[in-house]
Amino acid sequence: NGHALITGVGDPIIVTYEPSSETALAFVFEGSQRAMVKSLKVADDRMVAPGNRAVWNSKTGKLVEGEGTDLSVVPTMSAYWFAWLTFYPHTELIK
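Residues numbered from 1 in each chain as written. Predicted model: local features only at pLDDT ≥ 70, side-chain atom pairs only at ≥ 80, totals over all residues. Heavy atoms only, no water.

Undergrad: What's the story with the packing of aromatic side chains in this structure? I'm lost.
TA: The relation between two aromatic rings is expressed through the spacing of the ring centres and the mutual angle of the planes. This structure, assessed with the given rule, holds three aromatic pairs. Here the aromatic rings of Phe 29 and Trp 56 are separated by 5.4 Å at their centres, their planes lie at 80°, and the arrangement is edge-to-face. Taken together, the residues Phe 29 in the loop between strand E3 (23-28) and strand E4 (41-43) and Trp 56 in strand E6 (residues 54-57) connect sequence positions 27 residues apart. For the pair shown, Phe 29 and Trp 56 are each scored as buried. Ring geometry for Trp 84 and Tyr 88: centres 4.4 Å apart, planes at 35°, overall tilted. Residue classification places Tyr 88 among the partly exposed residues on the basis of a relative accessible area of 43%. (Phe/Tyr/Trp six-rings, centres within 6.5 Å; stacked < 30°, edge-to-face > 60°. Helix = DSSP H or I, 4+ residues; strand = E, 2+ residues; numbered from the N terminus. Buried < 20%, exposed > 50% of the residue type's maximum accessible area, 1.4 Å probe, protein only.)

In structure tokens form, the structure reads like this:
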């Protein structure tokens, strides 16, 4: 399992990746949840913010423990890089 945190472009977004199914999912942390991403831990099917003990399901974004709200889903898609670049030639790569 892998994950990436995207910041600096509005509300922070967490992207999780499941290699066995080649599935990427993304969720946005809005409002008061923004501060939680700094301490976020992602493991198995859970995203945990230890500071406030909030736990979300990493496949649905639903809050399963603690205080907070469900996370909003960000639409994602998988594509081969060369195919993406053909359709979106002005894409900027974020490292």
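Undergrad: Would you mind going over the sheet that holds strand E7 (residues 63-65) with me for this structure?
TA: Within a sheet, adjacent strands bond to each other through the backbone by hydrogen bonds, running parallel or antiparallel. Taken in spatial order, the four strands make up an open sheet running E4-E5-E6-E7, and their pairing is antiparallel. Looking at strand neighbours, the two that pair on one side only are E4 and E7, the edges of this open sheet. Taken over all neighbouring pairs, the strand axes of this sheet differ in orientation by 30° on average, direction set aside. Relative to E6, strand E5 (residues 46-49) runs antiparallel, the two being bridged by four bridges. Within E6, the residue paired with Val 48 across the bridge is Val 55. (Pairing = 2+ DSSP bridges. Axes fitted to C-alpha atoms, helices over the stretch in contact; angles between N-to-C directions.)

Undergrad: Is there a simple way to think about the sheet that holds strand E8 (residues 72-74) in this case?
TA: On the basis of which strands lie adjacent, the open sheet formed by four strands has the order E1-E2-E3-E8 and antiparallel pairing. Looking at which strands have only one partner, the edges of the open sheet turn out to be strand E1 (2-6) and E8. Ignoring strand direction, the axes of neighbouring strands in this sheet form an average angle of 30°. As defined by bridge partners, E3 adjoins E8 across three bridges and the pair is classed as antiparallel. Its bridge partner lying in E8, Val 28 is registered against Ser 72.

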